[in-house]
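The primary structure of each chain is shown beneath.
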Amino acid sequence: GSFFVMIFVFQGLYAQVARDTITIWSESNQVYISSIVIHPDQSSTEPHSVVYLLHGAGGSYTYWSDEMDNLDALSSTNGVIMVLVDAQGNSWYFDSPVNTSLRMETYVSQELLPYIDSAYHTYDMPQGRAIMGLSMGGHGALFLALRHQELFGWAGSMAGGVDFSTFTSHWDIPSLLGPYTKNKNRWKAYTVNHHAATLESIEVQLMIDCGEDDFFLEGNNALHDILTERGIEHRYNTYPGGHSASYWTARLPEQLAAASKWLKSSQ
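Just so you know, these numbers come straight off a predicted model, no measurement behind them.

> Now, about the sheet that holds strand 1 (residues 18-26): what can you tell me, with residues and values included?
Strand order in the open sheet formed by eight strands is 1-2-4-3-5-6-7-8, and the pairing between neighbours is mixed. Each end of this open sheet is capped by a strand with a single partner; those strands are strand 1 and strand 8 (235-239). Across the sheet, the mean angle from the axis of one strand to that of its neighbour is 20 degrees, orientation sign disregarded. Inspection of the sheet shows strand 3 (residues 49-54) paired to strand 5 (residues 129-134) by five bridges, in the parallel sense. The residue of strand 5 that forms the bridge with Tyr52 is Ile131. Relative to strand 5, helix 5 (residues 136-147) is tilted by about 150 degrees, and along the sheet it contacts strand 3, strand 5, strand 6 (154-158) and strand 7 (205-211). Packing against the sheet, helix 10 (residues 245-266) makes contact with strand 3, strand 4 (80-84), strand 5, strand 6, strand 7 and strand 8, and its axis sits at approximately 170 degrees to strand 6.

Here it is, written out as structure tokens:
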């Protein structure tokens with residue numbers, strides 16, 4: 001008997017979770033862009049914090065949902081709206097100075113966020129928003145949060161490409177920034193590590209991790225050193241594993257829990 005009661009309770013817990021696929025016109029990119037929005041409690045009149053979830057190179061807005069079947073439960077237990085963002089291919093989540101039709105920093109900060117705040121009951125303040133992602137999305141989360149501390153209070157990176165300037169022909173970056181040999185300073189300027197080293201102040205909460213066999217480990221260690229030297233509080237951990245889905249799907253619940261805990265304590 002008790003076994004069936006448990007199943008029933010479990011279903012009851014997550015029954016209120018709703019999933020919407022939203023598609024909005026991006027004026028800055030001149031294209032329709034889709035997201036998945038996972039909402040923990042439809043019946044609640046209380047506002048919810050929002051966690052923006054970014055995918056890696058080669059992925060799309062469905063990536064995290066395709067890779068993990070417990071996002072509804074994570075949304076419910078953490079009490080956060082989760083927005084699965086689309087990068088429009090390998091955009092690295094910035095406004096490309098070369099391909100001017102790819103303006104993903106503008107899309108996220110000026111189009112997607114205001115839409116989510118208008119369509120859902122959210123906390124419209126940095127203490128109501130976190131952003132996190134894997135690989136290219138780890139870069140995107142930290143890059144966007146560092147550049148928009150008026151929007152995001154918390155940022156997380158899992159296996160992030162925080163310094164892609166040593167990967168001079170990978171993941172379509174030359175098409176975004178121009179060939180590395182002719183544009184070294186520009187390449188550097190668009191990395192998270194450069195921003196972390198040059199920003200006047202960093203108030204955003206930072207949680208960064210990387211696999212011990214990941215080709216991005218050196219860049220993440222360097223970011224940790226930059227933040228440490230600057231006296232900027234942050235969490236940095238390395239774990240066994242390489243650059244793989246099994247690595248970041250294992251890390252996501254921990255980052256979500258840390259983000260939602262901080263958001264709740266800051267409101």
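> Run through helix 9 (residues 217-229), naming residues and quoting values.
With 13 residues, helix 9 extends 18 Å from end C-alpha to end C-alpha; this agrees with the ideal 18 Å at 1.5 Å per step. Buried within helix 9 are the following residues: Leu217, Gly219, Asn220, Leu223, Ile226 and Leu227. Next to the buried residues of helix 9 lie helix 5, helix 8 (192-198), strand 7 and strand 8. Of the residues one or two after helix 9, Gly231 is the one with positive phi, at around 70 degrees.

> Describe unusual backbone geometry, listing the residues and the values that go with them.
Excluding glycine, most residues fall at negative phi; most peptide bonds, likewise, are trans. Backbone geometry places Gln30, a non-glycine residue, at a positive phi of 55 degrees. Relative to the assigned elements, Gln30 resides in the loop between strand 1 and strand 2 (31-39). Residues other than glycine seldom take positive phi values, yet Trp92 does so here, at roughly 60 degrees. For Trp92, the location among the structural elements is in the loop between strand 4 and helix 4 (104-119).

Quick notes on the rules
Just so you know, the residues in each chain are numbered from 1, in the order the chain's sequence is written. For this predicted model, a pLDDT threshold of at least 70 governs which residues receive local features, and a threshold of 80 or more governs which side-chain atom pairs are given and counted, while totals over whole chains, interfaces and linings are taken from all residues. Note: side-chain values were computed over all heavy atoms of the structure, leaving out hydrogens and water. Here the rule is simple: two strands pair whenever DSSP picks up at least two bridges between them. Helix and strand assignments follow DSSP, with helices taken as H or I runs no shorter than four residues and strands as E runs no shorter than two, numbered in order from the N terminus. Note on method: axes are straight lines fitted to C-alpha atoms, helices fitted across the in-contact stretch only, with angles between N-to-C directions ranging 0 to 180 degrees. Only heavy atoms matter for contacts: two residues are in contact if any of them lie within 4.5 Å across the pair. An expected span of 1.5 Å times one less than the residue number is assigned to each helix. Note on classification: 1.4 Å probe, protein chains only; a residue is buried when its accessible area is under 20% of the maximum for its type, exposed when over 50%, partly exposed between these limits.

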